[in-house]
Amino acid sequence: MKIIRDALIIAWINGWIAATRGWIWVVAISVSPVSFLIILAIYGGLDGLKWGLVGGFIWTIASNGISLIGDATYYRLGIKYQSMLTAAPVSPAGYALGLALSSFIFALPTLGVYLAILLWVGVKFLTPLTLYALSALWLASAGIGFTLSSFIKHMRYAWALPQILSAVFTVGAPVYYPATAFPTPYLGVLLPTGASAVLIQHSTGLHPYPQTLLISAAAALALQSVAGLYFLFKLARWRHP
């Protein structure tokens, strides 16, 4: 319970308060997904709009988790925020979860708009399979982001690495296109974004997949989220500059 309480307090300070006072960052994180959305809607019509919305949902959650690389590194090296919490009765797990929730709060307005449009165009998005895929994706990407941040020694890498990883996780995985574009669709579930995309695309009717691929995607995503949570709690220890 203490870990959850610590996480909620940190999320309130670094997420809700920061988002309401620095709304420009809420807009900034939506720019890239919205750009893809507009292009797909223009050239693909209603089907392109649906692909853009579903892909944007996945991209927004994944990129916000990966962006913890920059945030956590800045708090550790830039303003010594982590050093202050080291002396306080705050666990690394509570701190890491709090930063992950903070990042998710910044994404909520964008996700709310996507969800409203998806429901408006008739996409059944809020299904158990979709909710599982998104929750597991958030855990996996947040675990990757926070763990990598603990190994960065200079701020110049903290802002560049999330941009590279976001591109790899969204363009190198079948987020805006079906997994059948690969030589074998099973390659599409190697990254958490691809595994979640396969489940969501099937659940929303964007692209049907065989049962074996869906089982593989669900299993891969479960392993990736458990690994992300493990690294978040166990390997992302307090590290001083």
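Residues numbered from 1 in each chain as written. Predicted model: local features only at pLDDT ≥ 70, side-chain atom pairs only at ≥ 80, totals over all residues. Heavy atoms only, no water.

As for the confidence of the model for the protein
The predicted model of the protein has a mean per-residue pLDDT of 84, with 95% of residues at 70 or higher. Model confidence for the protein, summarised as mean pLDDT per element, is weakest for helix α5 (residues 81-86) at 70 and strongest for helix α9 (residues 192-203) at 95. (pLDDT = per-residue confidence, 0-100. Helix = DSSP H or I, 4+ residues; strand = E, 2+ residues; numbered from the N terminus.)

Description of the packing of aromatic side chains
Aromatic ring pairs are described here by two measures, namely the spacing of the ring centres and the angle between the planes. One pass over the full model with this rule turns up six aromatic pairs. Ring plane angle 80° and centroid distance 6.0 Å describe the contact between Trp-59 and Tyr-176, whose orientation is recorded as edge-to-face. You can see Trp-59 sitting in helix α3 (residues 31-66) and its partner Tyr-176 sitting in the loop between α8 (155-171) and α9, a full 117 residues away along the chain. Taken individually, Trp-59 and Tyr-176 each receive the classification buried, so the pair is uniform in this respect. Consider the rings of Tyr-177 and Phe-182, whose centres lie 6.1 Å apart with planes at 50°: the pair is tilted. The partly exposed category is assigned to Tyr-177, whose relative accessible area is 24%. The exposure class assigned to Phe-182 is partly exposed, which follows from its relative accessible area of 21%. Taken together, the ring pairs in this structure connect Phe-36, Trp-59 and Tyr-176 into an aromatic cluster. (Phe/Tyr/Trp six-rings, centres within 6.5 Å; stacked < 30°, edge-to-face > 60°. Buried < 20%, exposed > 50% of the residue type's maximum accessible area, 1.4 Å probe, protein only.)

Examining helix α1 (residues 2-21)
Across its 20 residues, α1 extends 27 Å between first and last C-alpha, which sits within 8% of the 28 Å expected from 1.5 Å per residue. Considering bend angle alone, the principal kink of α1 is centred on Trp-12 and spans about 35°. Along α1, the residues classified as buried are Asp-6, Ala-7, Ile-10, Ala-11, Asn-14, Gly-15 and Ala-19. (Expected span 1.5 Å × (residues − 1). Bend = angle between axes of the 7 residues up to and from the residue.)

Points about the nonpolar core
Taken as a class, soluble globular proteins show a tendency for nonpolar side chains to be buried jointly. Core analysis: the biggest nonpolar cluster contains 54 residues, and Phe-57, Tyr-95, Leu-99, Phe-125, Phe-146 and Val-198 have the highest contact counts within it. Secondary-structure elements contributing two or more residues to this core are α1, α3, α4 (68-78), α6 (92-120), α7 (128-149), α9 and α10 (211-235). If you tally residues by element for this core, the top one is α3, at 10 residues. When neighbours within four sequence positions are excluded, Val-198 is seen to be in contact with Ala-179, Val-189, Tyr-209, Leu-213, Leu-214 and Ala-217. Ile-69, Leu-77, Met-155 and Phe-169 belong to the second largest nonpolar core, which has eight residues in total. (Core = buried A, V, L, I, M, F, W, Y, C linked by side-chain atoms within 4.5 Å. Contact = heavy atoms within 4.5 Å.)

With respect to α4
Judged by how many residues are buried, α4 sits mostly within the fold: eight of 11 residues are covered. Every buried residue of α4 is listed here: Leu-68, Ile-69, Gly-70, Ala-72, Thr-73, Tyr-75, Arg-76 and Leu-77. Of the residues one or two after α4, Lys-80 is the one with positive phi, at around 60°.

Regarding a nonpolar patch on the surface
Together, Ile-9, Trp-12, Ile-13 and Trp-16 line one region of the surface with nonpolar side chains, adding up to about 440 Å² of accessible area. By secondary structure assignment, the location of Trp-12 is in helix α1. (Patch = residues over 30% accessible without salt bridge, like charges linked within 9 Å, V, L, I, M, F, W, Y side chains within 5 Å. Areas by Shrake-Rupley, 256 points an atom, 1.4 Å probe, with all protein chains shown as cover. Salt bridge = Lys/Arg side-chain N within 4 Å of Asp/Glu carboxyl O.)

Overview of the environment of Leu-206
Inspection of the secondary structure assignment puts Leu-206 in the loop between α9 and α10. When the C-alpha positions of Leu-206 and Val-123 are compared, they lie 9.1 Å apart, and in sequence the two are 83 residues distant.

A word on the side chain of Thr-127
Structurally, the position occupied by Thr-127 is in the loop between α6 and α7. Given a relative accessible area of 18%, Thr-127 falls into the buried group. Here Ser-203 takes part through its side chain, which lies 2.6 Å from a polar atom of the side chain of Thr-127. (Polar contact = N/O pair within 3.5 Å; in protein donor to acceptor, adjacent residues only side chain to side chain.)

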